[in-house]
Amino acid sequence: METAARTAQAVIVAIDGPSGTGKSSTSKAVAAQLGLSYLDTGAQYRAITWWMVNNGIDITDPGAIAAVAGKPDIISGTDPSAPTISVDGTDVAGPIRTQEVTSKVSAVSAVPEVRARITELQRSIAAAAENGIVVEGRDIGTTVLPDADLKVFLTASAEARAARRNGELKGKEAADLAATKAALIKRDAADSSRKTSPLAKADDAIEVDTSDLTLQQVIECVVTLIEEKRAAK
Ligand SMILES: Nc1ncnc2c1ncn2[C@@H]1O[C@H](COP(=O)(O)OP(=O)(O)O)[C@@H](O)[C@H]1O
Ligand SMILES: Nc1ccn([C@H]2C[C@H](O)[C@@H](COP(=O)(O)OP(=O)(O)O)O2)c(=O)n1
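Residues numbered from 1 in each chain as written. Chains lettered and ligands numbered in written order. Predicted model: local features only at pLDDT ≥ 70, side-chain atom pairs only at ≥ 80, totals over all residues. Heavy atoms only, no water.

**Q** What is the right way to look at empty space enclosed by the protein in this model?
**A** This structure, assessed with the given rule, holds one cavity of 30 Å³ or more. As a volume, the largest cavity reaches approximately 30 Å³. As for the largest cavity, its lining consists of Ala14, Asp16, Gly141, Lys151, Val152, Phe153, Ala200, Lys201, Ala202 and Ala205. Elements that contribute at least two residues to the lining of the largest cavity include exactly strand 1 (11-16) and strand 7 (150-155). Residue classes in the lining of the largest cavity are distributed as six nonpolar, one polar and three charged. (1 Å grid on protein atoms, 1.4 Å probe; cavity = no way out; pocket = protein on both sides within 12 Å on 5 of 7 lines; lining within 4 Å. Points joined across faces, edges and corners; volume = space filled by probe spheres on them. Helix = DSSP H or I, 4+ residues; strand = E, 2+ residues; numbered from the N terminus. Nonpolar A, V, L, I, M, F, W, Y, C, P; charged D, E, K, R; others polar.)

Pasting the structure below:
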């Protein structure tokens, strides 16, 4: 895919970190405030996982996953005020957030053929973003966009992350704090220990612990870091 002609102020921002550290909320708000595109790469891995489940693929069999990894057509809308995700023309924004998909996404996203496919998609979306883009995930700074202008790695205590996730689930699905925390820790361990592009902080990423910060403080911190990068360009 061709690289779009970029505006002078275009910046590529990579935001990585484990679940519940504030990647999505921060990235969306920062992108909206600065007029950048926004890409939720976790939603893409969730979308391919949803497709595997929906098509009866045995997700305990990496060979079976690899064989069909190229089949689903995944399209991400990158407007931060209304991000979208579809698979083969179906809007899957809701179905990709179920506990079933959440419990299976680490296994699917560990398969190298899945990562190669989704990484290529992510790079072409970033290359087409004329005004720049905020891309959030697990391996953006290390693997997908190693030349990003700014890399941020968000962290937070498991307690803070579980409490945030439970706040979202309340009323929808059973929300037991200990169970949420255990599931988060299990997913972090799987995502950090896989062979192909695991969850990791890039050497040149700036680490921000969000445990005791409000969302607004994290947003302001990232906006300031981007403005510093833009001024130095
Ligand atoms: N600094 C923060 N303080 C309190 N709540 C936060 C903070 N950052 C995010 N949240 C809330 O925590 C939940 C998870 O945030 P999200 O952005 O989805 O994290 P991630 O994308 O890293 O999984 C959301 O409900 C969000 O509003
Ligand atoms: N760049 C990425 C982004 C997500 N993944 C995988 C691993 C994650 O557990 C799942 C889901 O990511 P997502 O960001 O939606 O998860 P949370 O919002 O943090 O719960 O996808 C990945 O392997 N690489």
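**Q** How should I be thinking about the pattern of salt bridges in this particular structure?
**A** Where side chains of opposite charge bring their charged atoms close, a pairing between them can arise. A complete count under the given rule lists nine salt bridges for this structure. Arg97 is the partner of Asp40 in a salt bridge, and the nearest nitrogen-oxygen pair spans 3.3 Å. One end of the pair, Asp40, is in strand 2 (residues 37-40); the other, Arg97, is in the loop between strand 5 (90-91) and helix 4 (99-109), with 57 residues separating them in the sequence. Since its relative accessible area comes to 43%, Arg97 is described here as partly exposed. With a shortest N-O distance of 2.7 Å, Lys181 and Glu159 are connected by a salt bridge. You can see Lys181 sitting in helix 8 (residues 177-193) and its partner Glu159 sitting in helix 7 (residues 158-169), a full 22 residues away along the chain. (Salt bridge = Lys/Arg side-chain N within 4 Å of Asp/Glu carboxyl O. Buried < 20%, exposed > 50% of the residue type's maximum accessible area, 1.4 Å probe, protein only.)

**Q** Would you mind showing me how to read the site of ligand 2 here?
**A** Taken together, 19 residues surround ligand 2, and among them Arg46, Arg115, Asp139, Arg187 and Asp191 come closest. Here an oxygen atom of ligand 2 and a side-chain polar atom of Arg46 are 2.7 Å apart. Here ligand 2, which alone exposes 520 Å², has 98% of that area covered by the protein. Of all the secondary-structure elements, those providing two or more residues to the shell around ligand 2 are helix 2 (41-54), helix 4 and helix 8. Among the elements that take part in the shell around ligand 2, helix 2 stands out by supplying four residues, more than any other. (Near = heavy atom within 4 Å. Polar contact = N/O pair within 3.5 Å; in protein donor to acceptor, adjacent residues only side chain to side chain. Areas by Shrake-Rupley, 256 points an atom, 1.4 Å probe, with all protein chains shown as cover.)

**Q** Just checking my understanding: could you explain the UniProt feature "binding site: ATP" (unreviewed entry) in the protein for this structure?
**A** When the UniProt feature table is mapped to this numbering, "binding site: ATP" (unreviewed entry) covers Gly17, Pro18, Ser19, Gly20, Thr21, Gly22, Lys23, Ser24 and Ser25. Looking at the secondary structure, you find Ser24 in helix 1 (residues 23-34). Dropping the residues within four chain positions of it, Ser24 is found in contact with Tyr38, Asp40 and Glu136. With respect to the helices and strands, the residue Ser25 is situated in helix 1. (UniProt positions renumbered as here; feature names shortened; annotations may be inferred. Contact = heavy atoms within 4.5 Å.)

**Q** Explain the sheet that holds strand 2 to me, please; I cannot follow it from the model alone.
**A** By way of backbone hydrogen bonds, the strands of a sheet pair with one another, either parallel or antiparallel. Taken in spatial order, the five strands make up an open sheet running 2-6-1-7-8, and their pairing is parallel. Two strands lie at the open edges of the sheet, namely strand 2 and strand 8 (206-209), each paired on one side alone. When strand polarity is set aside, the average angle formed by the axes of neighbouring strands in this sheet is 20°. Relative to strand 6 (residues 132-137), strand 2 runs parallel, the two being bridged by four bridges. Paired with Ser37 across the strands is Ile133, a residue of strand 6. (Pairing = 2+ DSSP bridges. Axes fitted to C-alpha atoms, helices over the stretch in contact; angles between N-to-C directions.)

**Q** Sorry, what's going on with the nonpolar core here?
**A** For soluble globular proteins, nonpolar side chains are generally found buried alongside one another. Formed by 23 residues in total, the largest nonpolar core has its most connected members in Met52, Ile65 and Val114. Elements with a contribution of two residues or more to this core: helix 2, helix 3 (62-68), strand 4 (84-87), helix 4 and helix 5 (112-128). In terms of residues, this core owes the most to one element, helix 2, which gives seven residues. Excluding anything up to four places from it in sequence, Val114 contacts Tyr45, Ile48, Ile65, Ala69, Val108 and Ser109. Among the nonpolar cores identified, the runner-up in size contains 19 residues, and Val30, Leu150, Val152 and Ile226 belong to it. (Core = buried A, V, L, I, M, F, W, Y, C linked by side-chain atoms within 4.5 Å.)

**Q** Please explain the side chain of Thr102 as it appears in this structure.
**A** Counting through the fold element by element, Thr102 comes out in helix 4. Ignoring any residue separated from it by four or fewer positions in sequence, one finds Thr102 in contact with Arg46, Arg97 and Arg187.

**Q** I tried to follow the pairing of strand 3 (residues 74-77) on my own but got confused; where do I start?
**A** Sheet faces and side chains relate simply in a regular strand, where the side chains alternate between the two faces. Alternating residues of strand 3 divide into Ile74 and Ser76, all buried, and Ile75 and Gly77, none buried. The pairing of strand 3 with strand 4 spans four bridges and is antiparallel. Its bridge partner lying in strand 4, Ser76 is registered against Ile85.

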